[in-house]
Amino acid sequence: FFPQGLMGTTTTLFAKSTIHLLTNSFLGDNQFNSIYSWMILAVTVFTAFAQVYWINMGLQRYDALLQIPVFFVVWTLFDVVGGGVYFDEFSGFTPRQYGLFILAIGVIFFGVFVLGDRLKKTHV
């Protein structure tokens, strides 16, 4: 379950960086005259394909009713925390906002758990 979530998160982070590069390039400031920009684009494409590969590998080994909810939780957790750190989105949080953020993540995970558990019971 870990590789799919990690690849999904990496794809999301690098896709956001690629979008920033493309936006600036379309506005007249070409960002693709550096090898680093091309490396970001290459990592985005590679991890997108790797994510699909690892999801398919997981679906071959495990039931989709287990695989998809766990993938979603791992991906969401890594995405939110990784994006917050990478793009410095947490820097302006107050303690109250941190608390509400953690509560919201908990609610999402609990909802996925409840839905996954309900689906398992209907297929037994």
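Refer to the structure printed above.
Residues numbered from 1 in each chain as written. Predicted model: local features only at pLDDT ≥ 70, side-chain atom pairs only at ≥ 80, totals over all residues. Heavy atoms only, no water.

### Focus on the overall build of the protein
Heads up, the condition is: Only DSSP runs of H or I reaching four residues or more are called helices, and only runs of E reaching two or more are called strands; each is numbered from the N terminus. Here's how the labels work: a residue is buried when its accessible area is under 20% of the maximum for its type, exposed when over 50%, partly exposed in between, all with a 1.4 Å probe on protein chains only. Contact criterion: two residues are considered in contact whenever any of their non-hydrogen atoms come within 4.5 Å of each other. For every accessible area listed, the method is Shrake-Rupley and the probe measures 1.4 Å; residues are considered covered only by the protein chains on display.
A tally of regular secondary structure across the protein gives four helices and zero strands. Order of helices (α) and strands (β) in the protein, N terminus to C terminus: α-α-α-α. Across its three principal directions, the C-alpha atoms of the protein cover 55 × 40 × 20 Å. When burial is assessed residue by residue, the protein has 27% of its 124 residues classed as buried. Looking at the protein alone, contacts between residues at least 24 apart form 69% of all its contacts between residues at least 6 apart. Accessible surface, the protein: about 8,400 Å² in total, of which carbon and sulfur atoms supply 73%.

### Some remarks on the pattern of salt bridges
Heads up, the rule is: What counts as a salt bridge is simple: a side-chain nitrogen of Lys or Arg found within 4 Å of a carboxyl oxygen of Asp or Glu.
The final tally for this structure, using the stated rule, is one salt bridge. Here E89 makes a salt bridge to K16, at a shortest N to O gap of 2.9 Å. Of this pair, E89 sits in the loop between helix 3 (64–86) and helix 4 (95–123) while K16 sits in helix 1 (residues 2–26), placing them 73 residues apart in sequence. Accessibility expressed as a relative area gives 40% for E89, which makes it partly exposed.

### As for the packing of helix 2 (residues 35–61) against helix 3
In a packed pair of helices, the relevant descriptors are the angle between the two axes and the axis-to-axis distance. Note the threshold: To obtain an axis, a line is fitted to C-alpha atoms, over the contacting stretch when the element is a helix, and the angle between two such axes runs from 0 to 180 degrees between their N-to-C directions. Two helices crossing with the near one rotated counterclockwise from the far one by less than a right angle form a left-handed crossing, whereas a clockwise rotation gives a right-handed crossing. Residue type decides the class: Asp, Glu, Lys and Arg count as charged, Ala, Val, Leu, Ile, Met, Phe, Trp, Tyr, Cys and Pro as nonpolar, and the leftover types, Gly among them, as polar.
Look at helix 2 against helix 3: their axes get within 9 Å of each other, and the N-to-C directions meet at 145 degrees. Here helix 2 runs over helix 3; the crossing is right-handed. Contacts between helix 2 and helix 3 involve Q51, I55, G58 and L59 from the first element and A64, Q67, I68, F71 and W75 from the second. Of the residues belonging to the contact of helix 2 with helix 3, the class tally is six nonpolar, three polar and no charged.

### Here we look at the environment of Q67
With respect to the secondary-structure elements, Q67 resides in helix 3. Q67 sits 14 residues away from V81 along the chain, and the two C-alpha atoms are 21 Å apart.

### Concerning the side chain of T44
So the rule is basically this: Polar contacts, as used here, are pairs of N or O atoms within 3.5 Å; protein pairs need one atom able to donate a hydrogen and one able to accept it. Residues neighboring in sequence count only if both atoms are side-chain atoms.
Mapped onto the fold, T44 is located in helix 2. Among the polar contacts listed, one links the side chain of T44 to the backbone oxygen of F14, at a separation of 3.2 Å. Once residues within four sequence positions are removed from consideration, T44 is found in contact with T11, F14, A15 and T18.

### Overview of unusual backbone geometry
Backbone geometry at D88 places phi at a positive 55 degrees, although glycine is not the residue there. Position of D88 relative to the elements: it lies in the loop between helix 3 and helix 4. Taking relative accessible area as the criterion, D88 reaches 52% and is therefore assigned exposed.

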